[in-house]
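A look at the structure
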Amino acid sequence: MDEAPNDSTAPMLKLAIHGAGRMGQGVATEATSRGWRVQGLVSRHHPGELGAFTWYPGLEALEASAGLPDVLIDFTLPAGTVAAARWCALRQVPLVTGTTGLDQTQQAALRNAAQVIPLLQAPNFSPGINALITLLEQARDLLPNVQRIDLLDVHHVHKKDAPSGTALALAQALGPLEVGIESRREGEIIGDHSVTFELPGESLSLSHHAGDRRVFALGAVEAAAWLRGRPPGRYTAQDWIRGGKA
Ligand code: NAD
């Protein structure tokens, strides 16, 4: 544990949140319940009801009114993430982003920013999925004669990207084995992933079900506390989890 947020000697984390949707609002609630200060939520469009939280139409407006945060947490869309990375790099603000669906050019923009700020990018902040990544790496090395690997990603109908960022990360953990990914978008499902290894005469399945978005939100807040004070560079959820939670 690098820094204890509930320890009265630890300085209070000052967070700003880019994105005021399902995840942004969840992050604001989790951060507040941990006693951290949320300066405000920034998004292109006013989200409607935000309770006691302050909304800003842009990062410049946040800066002018509330000053710079210790860490910015981003859950927007890829273009928003790139804008956030550039804004953070110019101001030396560490960035945690959970936004998925970035293309190669957008990933390169994040790599550039990570030369001057600590930047943690994770397609999934849940402890369960990050354990699954480790289990898949082990299964890949343990299982002989894998004939086929099927990965199923099921999410709510509002999700913009397919396959999910999590599905891509799970497939990457299985490299160089080939993985067939199927993505389904149904109702309000928060996120279900399953991986099945087909072997001669047997099969092995590993699956994860997210039942509450709060696990992602809390993970992002913990990752932000862990990231503060780190040297510039690109960090993953695995770095944060293996390096010790805040
Ligand atoms: P959402 O649609 O509910 O909210 C998106 C918010 O971003 C909105 O407030 C919108 O106005 C704002 N936004 C979009 N583009 C913007 C821009 N260019 N500049 C400023 N604001 C912008 O979406 P959500 O469910 O909160 O998900 C957001 C992202 O987080 C998605 O990419 C999703 O896949 C990802 N996600 C990641 C995790 C994880 O654990 N890493 C978990 C859930 C969702």
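Residues numbered from 1 in each chain as written. Predicted model: local features only at pLDDT ≥ 70, side-chain atom pairs only at ≥ 80, totals over all residues. Heavy atoms only, no water.

As for the packing of helix α5 (residues 127-142) against helix α6 (residues 165-173)
α6 packs onto α5 with a crossing angle of 30° between their chain directions and a minimal axis gap of 8 Å. With respect to their mutual orientation, α5 and α6 come out roughly parallel. At the point where α5 passes α6, the crossing takes the right-handed sense. Here I129, L132, I133, L136, E137 and R140 of α5 lie close against α6, whose contacting residues are T166, A169, L170 and A173. When its residues are assigned to classes, the contact of α5 with α6 shows seven nonpolar, one polar and two charged. (Axes fitted to C-alpha atoms, helices over the stretch in contact; angles between N-to-C directions. Helix = DSSP H or I, 4+ residues; strand = E, 2+ residues; numbered from the N terminus. Parallel < 35°, antiparallel > 145°, perpendicular 65-115°, else oblique. Left-handed = near helix turned anticlockwise from the far one by under 90°. Contact = heavy atoms within 4.5 Å. Nonpolar A, V, L, I, M, F, W, Y, C, P; charged D, E, K, R; others polar.)

Quick look at helix α3 (residues 78-91)
Taking 1.5 Å as the rise per residue, α3 with 14 residues should run 20 Å; its terminal C-alpha atoms sit 20 Å apart, in good agreement. Among the residues of α3, P78, G80, T81, V82, A84, A85, W87, C88 and A89 are the ones counted as buried. Those residues of α3 that are buried lie in contact with β1 (14-18), α2 (59-66), β4 (71-74), β5 (95-97), α4 (104-113) and β6 (118-121). Following α3 by one or two positions, Q92 adopts a phi angle in the positive range, close to 60°. (Expected span 1.5 Å × (residues − 1). Buried < 20%, exposed > 50% of the residue type's maximum accessible area, 1.4 Å probe, protein only.)

Some words on the packing of aromatic side chains
Per the counting criterion, the structure on display carries three aromatic pairs. Counting every residue linked through ring pairs, the aromatic cluster contains F75, F125 and W240. (Phe/Tyr/Trp six-rings, centres within 6.5 Å; stacked < 30°, edge-to-face > 60°.)

Here we look at the confidence of the model for the protein
If pLDDT is low for a region, its predicted coordinates should not be looked at in detail. Overall, the predicted model of the protein reaches an average pLDDT of 94, with 94% of residues at or above 70. Note that pLDDT drops below 50 for residues 1-8; the model gives that stretch 16 contacts with residues more than four away or on any other chain. (pLDDT = per-residue confidence, 0-100.)

Comments concerning the pattern of salt bridges
Enumeration over the complete set of coordinates arrives at ten salt bridges. A salt bridge links R91 to E63; the shortest N-O distance between them is 2.6 Å. Of this pair, R91 sits in helix α3 while E63 sits in helix α2; the two residues are 28 residues apart in sequence, bridging distant segments of the chain. Measuring nitrogen to oxygen at the nearest pair gives 3.0 Å for the salt bridge that ties D141 to R140. A residue is classified by how much of its surface remains accessible, and D141, at 58% relative accessible area, is exposed. Given a relative accessible area of 24%, R140 falls into the partly exposed group. (Salt bridge = Lys/Arg side-chain N within 4 Å of Asp/Glu carboxyl O.)

Details of unusual backbone geometry
Following A162, the chain continues into P163 via a peptide bond in cis, with omega recorded as -5°. You can see P163 is positioned in the loop between β7 (148-155) and α6. Of note, the bond from G175 into P176 is cis; its omega dihedral lies within 30 degrees of zero at 10°. With respect to the secondary-structure elements, P176 resides in the loop between α6 and β8 (180-185). Phi is positive for Q92, which is not a glycine, with a value near 60°. Mapping Q92 onto the fold places it in the loop between α3 and β5. On the accessibility criterion, Q92 (53% relative accessible area) is exposed. The backbone of N145 shows a phi angle near 55°, a positive value even though the residue is not glycine. Residue placement: N145 occurs in the loop between α5 and β7.

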